[in-house]
Amino acid sequence: MTATLDRPAPAATGGGLGNVLTDSVTLTGRSLAHWVRNPATLIASLAFNIVMVLMFAFLFGGAMAVPDGGSYREFLMPGMFAMTMIFGISMTTIAISTDVERGVTDRFRSMPMAPAAILIGRAVADMLFAVVTLVVMMLVGLAIGWRANGSVGATLGAMGLILLLRFALIWVGIFLGLVMRGQEAVAGVQTLEFPLGFLSNAFVAPSTMPGWLGAIAEWNPLSSTVTATRVLFGNPGWGGDSWVVANASLMAVVWPLVILAVFLPLAVRRYASLSD
Amino acid sequence: MGSSDLAVVAEGLRKRYGDKVALDGFDLSVPRGTVCGLLGPNGAGKTTAVRILATLQCFDGGRAEVAGYDVATEAAQVRYRIGLVGQNAAVDEVLGGHQNLVMFGKLYRLGAKAARQRADELLDRFGLAEVGGKPVKSYSGGMRRRLDLAAGMILAPSVLFLDEPTVGLDPRGRNEVWEAVRALVRQGTTVLLTTQYLDEADQLADRVSVIDTGRVIAEGTPDQLKTKTGGDRIDLAVHDREWLALAARTVEQLTGGTPELDEEDRKLSVRVANSDTSLIEVIRALDAAGVTAEDIALRRPTLDEVFLHLTGRRPVGEEAKAEKKDKGRKNGKKDAPVAESAGAQEVNA
Ligand SMILES: Nc1ncnc2c1ncn2[C@@H]1O[C@H](COP(=O)(O)OP(=O)(O)OP(=O)(O)O)[C@@H](O)[C@H]1O
Ligand SMILES: [Mg+2]
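Conventions adopted
Residues numbered from 1 in each chain as written. Chains lettered and ligands numbered in written order. Predicted model: local features only at pLDDT ≥ 70, side-chain atom pairs only at ≥ 80, totals over all residues. Heavy atoms only, no water. Helix = DSSP H or I, 4+ residues; strand = E, 2+ residues; numbered from the N terminus. Buried < 20%, exposed > 50% of the residue type's maximum accessible area, 1.4 Å probe, protein only. Contact = heavy atoms within 4.5 Å. Domains from an automatic or database assignment. Phe/Tyr/Trp six-rings, centres within 6.5 Å; stacked < 30°, edge-to-face > 60°. Expected span 1.5 Å × (residues − 1). Arc of directions from axis to C-beta. pLDDT = per-residue confidence, 0-100. Pairing = 2+ DSSP bridges. Near = heavy atom within 4 Å. Polar contact = N/O pair within 3.5 Å; in protein donor to acceptor, adjacent residues only side chain to side chain. Areas by Shrake-Rupley, 256 points an atom, 1.4 Å probe, with all protein chains shown as cover. Nonpolar A, V, L, I, M, F, W, Y, C, P; charged D, E, K, R; others polar.

Caption draft 1: Local environment of the overall build of chain A. Helix and strand content of chain A: twelve helices and zero strands. The N-to-C order of helical and strand elements in chain A reads α-α-α-α-α-α-α-α-α-α-α-α. With respect to the principal axes defined by its C-alpha atoms, chain A has extents near 75 × 35 × 35 Å. In chain A, buried positions account for 51% of the 276 residues. Look at the contacts in chain A between residues 6 or more apart in sequence, and 84% of them connect residues 24 or more apart.

Shown next, in the form of structure tokens:
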């Protein structure tokens, strides 16, 4: 404990774009290292999604009438894909609030790093995991008889829409993570995910729901993504007369942008207010 | 003293949270290369002061300079020159110790290679080389704190802030942290350390500022403060209630202080203004008088006693919490190896 240490010289200084990039890569790397260290969390998350698929496919599948007499499993999967994006919110929230609570965020803030990287690093890591999740879900779908019947371009477009929704929801998760503390908060976010996921057209036709509930389900951003991706994958869907259903492809882009426009500034402002 | 000799300057800092005033004209100046102890009870404003100085917190009034730069207008410059070790160990629990230090090193922009090298050096230095690969959640409290310190030392900061660095540690962990801090000070790092324990300030600090309800109410070297508050105390318990009066007379003769008696618990407590009066002398004198001490210990005055003395009242705020934290920490003595301090000076008859 006696050796003297010279002050090492930092290579680059300032908060320029290059530094935001470097620091974001470092923090994304941190999350990847978490996955390697602690794969159980990821496996649990993937397993949850897979169990949901199997439950719906084998347990409830028989009882559900599929529009146009199509394949139930083809009908099911686009809803499941979008749903996993919803269930990713709590992951983001937990990661952010844990860092704030433990003081890790304060340590970052006391360092001469690019502040934006703290949020960007989180967003990139969660997007990477979203891609992994989506690919695994598609493989599970293929295994149980789901098919993407559209062109390669349409399939990629559908994947893009699903990931766009996730990207928007990441900022909801970051915002909630900065606002809420502790186990209670996490439970709160997780209970929010269920109505958001199920009060949609993922499993049940909104037209069979009571009027107002059906309207909420149709206007749920998740429903637009589900409808649009069903079209792109060439899978059967519900249809409907309302404007939001007729313009689902447009809304599948508009909704995430609206969510982003609201929650990204909120998250950034909330982050800045850590110093109030 | 010119301002260039001061590593930390705070002038009239004010901070309120809603109606709650956290800092109310807080002044501090810490000369370069020294250790300043900021001593105060729960809610006194210690953490708020440290957070402001470490550029984490906006404030409502006053000004502050750290390492020669203004914390409000030159935060980036300040951040290159400080290390912060907050109230809880701010390290990634999932990653290993080495991974943590490499990550922070990269964020300090050392570059990957230099960051790894620095991580190795620091782990070595803080006695963590062997556990560097293990996840931090498997570390003991003392190890975590040392890793936390190491992370705060990556750029060898000119000013290091330590906010209650030994809370929740056992004597061994406390000793490890104190040793690490001393090693940093030997290299010329200026340290601002907050604590609720006079003995900790005594162990580490050149000067101590006592803070209460957001302002500094006393300042001086630990010895000056102790003298101000009547020095160390000897606590003594006797087996028989009849012996108490005799013990009190004996102790009074030897130390010159008037003991406070507690008939109920057969205890007495006396200030030893001259701390050279050793425990052994007291025991011998008692022995000669035919009194058997059941339990006897030399201790620093508690923060409560310092406050009582300085302000004529007990610390405001969460007294109960402060007292609870204070338990079992009463036997620290300067220069004694801390690992043994819990029991070393207690003589059970
Ligand atoms: N974020 C906050 N919001 C509202 N009040 C706060 C906040 N942070 C601190 N306070 C209040 O400001 C006062 C000073 O708090 P501070 O944390 O600085 O005290 P402290 O001396 O560090 O106490 P402790 O020993 O408990 O850590 C306290 O009364 C506290 O309740
Ligand atoms: Mg505090």
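Caption draft 2: Quick look at the domain arrangement of chain B. As far as domains go, chain B holds domain 1 (3-227) and domain 2 (232-299). Once you take the C-alpha centre of each, domain 1 of chain B and domain 2 of chain B turn out to be 39 Å apart.

Caption draft 3: Focus on the packing of aromatic side chains. All names here are of chain A. In this structure the tally under the stated criterion is 16 aromatic pairs over all chains. Considering the side-chain rings of F175 and F263, the 5.8 Å spacing of their centres and the 65 degrees angle between planes classify their relative orientation as edge-to-face. In this pair, F175 sits in helix α7 (residues 152-179) while F263 sits in helix α12 (residues 248-272), placing the two residues 88 residues apart along the sequence. Of the residues examined, F175 reaches a relative accessible area of 17% and is grouped as buried. Note on F263: relative accessible area 22%, which makes it partly exposed. Measuring from ring centre to ring centre gives 6.0 Å for F194 and F198, while their planes differ by 0 degrees; the resulting arrangement is stacked. On the criterion of helical spacing, the pair formed by F194 and F198 is a turn pair, its members being four residues apart in helix α8 (residues 182-198).

Caption draft 4: Quick look at helix α2 (residues 39-60) of chain A. Residue and element names in this part refer to chain A. Look at α2: 30 Å from first C-alpha to last across 22 residues, which is about the 32 Å you get at 1.5 Å a residue. Inspection of α2 places L42, L46, N49, M52, V53, F56 and A57 among the buried residues, and these make up the whole buried set. Down the axis of α2, the sector holding all buried residues measures 120 degrees, keeping them to one side. Exposed side of α2, more than 90 degrees from the buried face: T41, I43, F58 and L59 are the residues found there.

Caption draft 5: Fine view of the confidence of the model for chain B. Residue and element names in this part refer to chain B. Looking at chain B as a whole, the pLDDT averages 82, with 85% of positions reaching at least 70. Confidence scores differ between elements of chain B, with helix α13 (residues 338-344) showing the lowest mean pLDDT of 32 and helix α3 (residues 97-107) the highest of 96. Below a pLDDT of 50 lies the segment residues 317-349, which in the model reaches 68 contacts outside its immediate sequence neighbourhood of four places, other chains included.

Caption draft 6: Representation of the sheet that holds strand β2 (residues 20-31) of chain B in the model. Residues and elements named next belong to chain B. Within the open sheet, the four strands sit side by side as β2-β1-β4-β5. Their pairing is antiparallel. Across the chains shown, the open sheet's two edge strands, defined by having one partner strand only, are β2 and β5 (69-70). As defined by bridge partners, strand β4 (residues 61-66) adjoins β5 across two bridges and the pair is classed as antiparallel. Bridge pairing in β5 places V66 opposite Y69.

Caption draft 7: Seen up close, the site of ligand 1. Residues and elements named next belong to chain B. Around ligand 1, 14 residues are found, and the nearest of them are K20, N42, G43, T47 and T48. Interatomic distance of 2.7 Å between a backbone N/O atom of G43 and an oxygen atom of ligand 1. A44 places a polar main-chain atom, nitrogen or oxygen, 3.1 Å from an oxygen atom of ligand 1. If ligand 1 stood free it would expose 630 Å²; the protein chains cover 67% of that surface. Listed by contribution, the elements that provide at least two residues to the shell around ligand 1 are β2 and α1 (46-53). Among the elements that line the shell around ligand 1, the one with the most residues is α1, at three residues. Class assignment for the residues of the shell around ligand 1 results in four nonpolar, seven polar and three charged.

Caption draft 8: Region of interest: the side chain of R107 of chain A. Tracing the sequence through the fold places R107 of chain A in helix α5 (residues 104-109). The exposure class of R107 of chain A is buried, given its relative accessible area of 4%. A distance of 2.6 Å separates a polar atom in the side chain of R107 of chain A from a polar atom in the side chain of D148 of chain B. Among residues more than four places away in sequence, those in contact with R107 of chain A are L84, V85, A90, V91, F104, D148, A151 and G152 of chain B.

Caption draft 9: Region of interest: the pairing of strand β1 (residues 6-17) of chain B. All names here are of chain B. The pairing of β1 with β2 spans nine bridges and is antiparallel. Among the inter-strand pairings, A10 is bridged to a residue of β2, identified as L28. Connecting β1 to the antiparallel partner β2 that follows it, the hairpin turn spans two residues, and G18 within it adopts a positive phi of roughly 60 degrees. Two elements, β1 and β4, share five bridges in a ladder whose sense is antiparallel. What sits directly across from R14, in β4, is G61.

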